[in-house]
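# Fold and geometry: a report
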Amino acid sequence: MLNAIACVTLLPLFGFFVLTLLRPPERVAAWIGCGTVAAAAAILFTITIGFLQNPPAEGHAVVHYGTWVGIGSFQPGFSAWVDMLTLTMLCIITGVGFLIHVYSAGYMVRDEGFARYFSYLNLFIAAMTVLVMADNLLLLFMGWEGVGLCSYLLIGFWYRDPANGAAARKAFIVTRVGDTAMIIGFFMLYLQFSTIDIAEILRRSHEAIYFNQSLYTVVALLLLGGAVGKSAQLPLQTWLPDAMAGPTPVSALIHAATMVTAGVYLIARTHPLFMQAPLAQHAVGWVGLLTLLIAGASALVQVDIKRILAYSTISQIGYMFLGLGVGAWSASIFHLMTHAFFKALLFLSAGTVIFCLHHKQDITEMGGLRKLMPLTFASFVIGCGSLASLPLITSGFYSKDEILIGAWNSGEMAFFWGGVVGALITAVYSFRLVFVVFFGAPKTHPDHAPTLNMQVPLVLLGILSVMGGAIHLRLDGVLPIGSHEVSTGGHGMISALLIVLPLVGVALAWWLYRRGITWTKTTGAPAAMLFFRRGWAFDALYDAVLVHPWVWLATVNRSDVVDSGYTAVARLTQWLYQQASITQTGSVRWYAGVMIFGFTLILSAAVFL
Amino acid sequence: MNAANIPLDHLMLLSCMIFVIGLAGVMMRRNVLYILMSLEIVLNAVCLAFVSAGAHWGKADGQIMFMLILSLAAAEVSVGLGLILQIHRKHGTLDVDRLKELQG
């Protein structure tokens, strides 16, 4: 049964080819798109249940399908590495992916690129499953770049608007910066271990003969670079808010639930390297902490509903990085899963609002939608509650709780208190969003209702967002015992704090909303607010430091600076020719005179010298 | 009076004088026809030098060179006159200072 795991990749890939080559009409395309992912999910759930019921002795299995390249000892294969981490990721990808496919069939209705949209979505699922199943670095890199490609294609899906194309290019280029660091890290691993088999590298990294502290630190930092790019963390976080130019279900699938968490998966997968390099692991924690605070502050003051969610995604992935940094490995993966549920739910709910309000995304034009769109309101509140980690009834509470306890146990108090402040900010901005969009007087009336295939995924994801906290991930064989699982005492106080904090946040948001402080002004706002809204001016900084000098260089080099040496030689030759051509007067008598003069000169030289 | 009695130096001096006269003609005359004629004088000066040198050393080489130069001069004159005829037809003048089309 385990051998069938390739179907999880091949079925969506098949769907991609069919949809690309045949470009079927809408209904057929929707059935092919959703059907292949549904079949993949069904096969995967069967495999997962089988795996849980009788797990392999070592806790993992490798399914080998063939060799990709064979050069001497370099033999990267098409083979799947199956353990609980892989299966958890695959279940999130195909499960949430399937629900978003179904939702998309309603959301994208009557779009001229309907078949193209589903073909990209299927290709994304295929690439993402390759990424998490890969047992060697090369295959992992292929999946990694594959999801990057799909992200690019889908952000720029409505390509007729140049702004969307610019956003797509930005996402592709910024993540490429991280990917470059990552592939250098891969090369260094290959140089050190002479293999690209991930399990082999991780096993050998424990052995003393390969022990080289500085090498591990450099490699781990390079891998962190890749993860930072893909997961939109500081300092490469600038692409994600712009990536909201794509269709909303794409934002839900790629830019919230699955692809952006690939960085978290990469670090969790290669955790032995990070454990050998405490410095690098500490850097992971700091990246997460700074990102979650910066993005949280930006999310507080946005006015575009999707940008709020984008910044909150960056912030929540910051929590996952924080968890990885403090060694709460499984807590991070747990938060990854719950985040996939509630953030997909939030994006799909936001998509429903946008869909029903005729593609309006500005929250200042919304309001009072509570009575007009009750189902969307309910799912939005569940999503925001989970995001704010309302105690006991939401999945986000359990996962964020574990990360913060891990931070407490790590002994680095900055991580803990930073995370606590971030949690308060999260609660305030999520409920600010709820209050502004769904309370008060209606400003725009929805002119059509969401279709059934949009409502069903909302309900299912809502259930998952509430119940997801009860899922017990069995990652103990794959990831080491996390810092959140060790008891150091004083947890009663922390738990009380983490229960009270979100409620305080919601109350604060309500108080601010009643006082009319919603931070939605676009003109005459305080400078700090505009600074936060512009994402701490990172775009302006990168424009000034990187983009403008580069563009200047390109402009200067438009006339080919390097060529000037060669053109100078040509110019010199031309000048010499012009000087020489003066002597060609056309006067025969002059020629005769010069000839005789020269002849005399040579002759006298021969005689007298 | 025998030619062999004339000293070689005199003959060479005469030959040089004729050569310089011809050369001056080439450089100073403006009419193409006269330039061609001056060239003939130059050639003849050279012929005289060959012949006198051959006579001085009692070798036939000088005369043979003279025959060669004579035939060359004949060919040159026939081609040169033909060209001059064409130049006259095309431009209506034989003044080299006005025939300066070929210049950089």
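Residues numbered from 1 in each chain as written. Chains lettered and ligands numbered in written order. Predicted model: local features only at pLDDT ≥ 70, side-chain atom pairs only at ≥ 80, totals over all residues. Heavy atoms only, no water.

## Comments concerning the overall build of chain B
Formally: In this description a helix means any DSSP run of H or I spanning at least four residues, a strand means any run of E spanning at least two, and both kinds are numbered starting from the N terminus. Between the two quantities, the radius of gyration covers C-alpha atoms and the globule rule is 2.2 Å times the number of residues to the power 0.38. Classification of residues uses two cut-offs on accessible area relative to the type maximum, computed with a 1.4 Å probe and protein chains only: under 20% is buried, over 50% is exposed, and between them is partly exposed. We call two residues contacting when some pair of their heavy atoms lies within 4.5 Å. Residue exposure ignores everything except the shown protein chains as possible cover, and the areas themselves are Shrake-Rupley values with a 1.4 Å probe. Residues scored as positive are Lys and Arg, those scored as negative are Asp and Glu, and His as well as the terminal groups of each chain are ignored. To locate a charge, the coordinates of NZ of Lys, CZ of Arg, CG of Asp or CD of Glu are taken.
Each helix and strand counted, chain B has three helices and zero strands in total. Listed N to C, the secondary structure of chain B is α-α-α in terms of helices and strands. Taking 104 residues into account, the globule formula puts the C-alpha radius of gyration at 13 Å, and chain B, at 17 Å, lies well above it. A buried classification covers 27% of the 104 residues belonging to chain B. The long-range fraction of contacts in chain B, counting pairs at least 24 apart against all pairs at least 6 apart in sequence, stands at 59%. Accessible surface, chain B: about 7,200 Å² in total, of which carbon and sulfur atoms supply 69%. A gap of 10 Å separates the mean positions of the 7 positive and 7 negative side-chain charges of chain B.

## Details of the packing of aromatic side chains
Residues and elements named next belong to chain A. In plain terms, the rule: Under the pairing criterion, centres of Phe, Tyr and Trp rings, with the six-membered ring standing for Trp, must be within 6.5 Å; the plane angle then separates stacked pairs below 30 degrees from edge-to-face pairs above 60, leaving the rest tilted. Any Lys NZ or Arg CZ that is within 6 Å of a ring centre and within 35 degrees of that ring's normal is treated as a charge sitting over the ring.
Taken as a whole and judged by the stated rule, the model has 29 aromatic pairs over all chains. Between the aromatic rings of F435 and W510, the centroid separation amounts to 4.9 Å while the plane-to-plane angle is 70°, which identifies the pairing as edge-to-face. Linking F435 in helix α19 (residues 413–438) with W510 in helix α21 (residues 491–514), this pair joins segments that are 75 residues apart in sequence. One aromatic cluster is present, built from ring pairs that chain together F377, F380, F431, F435, F438, F439, W510 and Y513. When the ring centre of F172 is taken as reference, the NZ or CZ atom of R176 above it lies at 3.9 Å. Above the face of the Y319 ring, K400 is positioned so that its terminal group lies 5.0 Å from the ring centre.

## A look at the pattern of salt bridges
Spelled out, the test is: Any Lys or Arg side-chain nitrogen located within 4 Å of an Asp or Glu carboxyl oxygen qualifies as a salt bridge.
Evaluation of the coordinates by the stated rule reveals 13 salt bridges over all chains. As a salt-bridge pair, R30(B) and D95(B) come within 3.7 Å of each other at their nearest N and O atoms. Here R30(B) is found in the loop between α1 (8–28) and α2 (32–57), whereas its partner D95(B) is found in the segment after α3 (61–91), with 65 residues between them in sequence. On the basis of relative accessible area, R30(B) is assigned to the partly exposed category, the value being 46%. Each of the salt bridges in this network shares a partner with another, and the network as a whole consists of K170(A), D242(A), R307(A) and D539(A).

## Examining the nonpolar core
Residues and elements named next belong to chain A. This is how it is decided: Nonpolar cores are built from buried Ala, Val, Leu, Ile, Met, Phe, Trp, Tyr and Cys residues. Side-chain atoms within 4.5 Å join them into one set.
Membership of the largest hydrophobic core comes to 171 residues, with the highest contact counts inside it found for I5 and F321. Looking at this core element by element, the count peaks at 18 residues for helix α15 (residues 329–356). Look past the residues within four positions of I5 in its chain and what remains in contact with it is L44, I47, V63, Y65, A80, V82, L87, L90 and M133. With 18 residues, the next largest nonpolar core counts V326, A328, A407 and V420 among its residues.

## Describing the packing of helix α2 (residues 26–53) of chain A against helix α3 (residues 84–107) of chain A
Residues and elements named next belong to chain A. Rules: Here the axes come from fitting lines to C-alpha atoms, over the contacting stretch only for helices, and the angles between their N-to-C directions go from 0 to 180 degrees. When an angle is under 35 degrees it counts as roughly parallel; over 145 it counts as roughly antiparallel; between 65 and 115 it counts as roughly perpendicular; any other value is oblique. Should the near helix be turned anticlockwise from the far one by less than a right angle, the crossing is left-handed, and should it be turned clockwise, the crossing is right-handed. Amino acid classes used here: Ala, Val, Leu, Ile, Met, Phe, Trp, Tyr, Cys and Pro are nonpolar; Asp, Glu, Lys and Arg are charged; the rest, including Gly, are polar.
Put simply, α2 and α3 touch, their axes get as near as 9 Å, and they point 155° apart. One element, α2, and the other, α3, form an angle in the roughly antiparallel class. Between α2 and α3 the crossing geometry is left-handed. Across from A30, G33, C34, V37, A38, A41, L44, F45, T48, F51 and L52 in α2, the residues of α3 making contact are M84, L87, L90, C91, T94, G95, G97, F98, H101, V102 and A105. Considered class by class, the residues forming the contact of α2 with α3 number 16 nonpolar, six polar and no charged.

## Examining the interface of chain A and chain B
Operational definition: Here the buried area means the combined drop in accessible surface, using a 1.4 Å probe, for two parts upon being joined, counting both sides. Each polar contact in these results corresponds to two N or O atoms within 3.5 Å; when the atoms are within protein, one needs to be able to donate a hydrogen and the other to accept it, and residues that are neighboring in sequence are counted only if both atoms are side-chain atoms.
Counting residues at the interface gives 11 residues for chain A, matched by 13 residues for chain B. A per-residue breakdown of the area chain A buries against chain B is headed by Q584(A), R589(A) and I596(A), which together make up 54% of the total. The residue D97(B) makes a salt bridge to R589(A) at a minimum N-O spacing of 3.1 Å. For the pair chain A and chain B, the interface holds three residue pairs in polar contact (both at pLDDT 80 or more). Examining the composition of the side of chain A that touches chain B, we find that six residues originate from one element, helix α25 (residues 588–608) of chain A, more than from any other.

## Some details on a nonpolar patch on the surface
Residues and elements named next belong to chain A. Cut-off, in case you're wondering: Surface patches are defined over residues having more than 30% relative accessible area and no salt bridge, joining like charges when they lie within 9 Å and nonpolar side chains (Val, Leu, Ile, Met, Phe, Trp, Tyr) when within 5 Å.
Taken together, the side chains of L375, L452, V456, V459, L460, I463, V466 and M467 define a hydrophobic patch exposed on the protein surface, amounting to about 670 Å² of accessible area. With seven residues, helix α20 (residues 452–467) is the largest single contributor of residues to the nonpolar patch. Among the secondary structure elements, V459 is positioned in helix α20. Classification of V459 as partly exposed rests on a relative accessible area of 41%.

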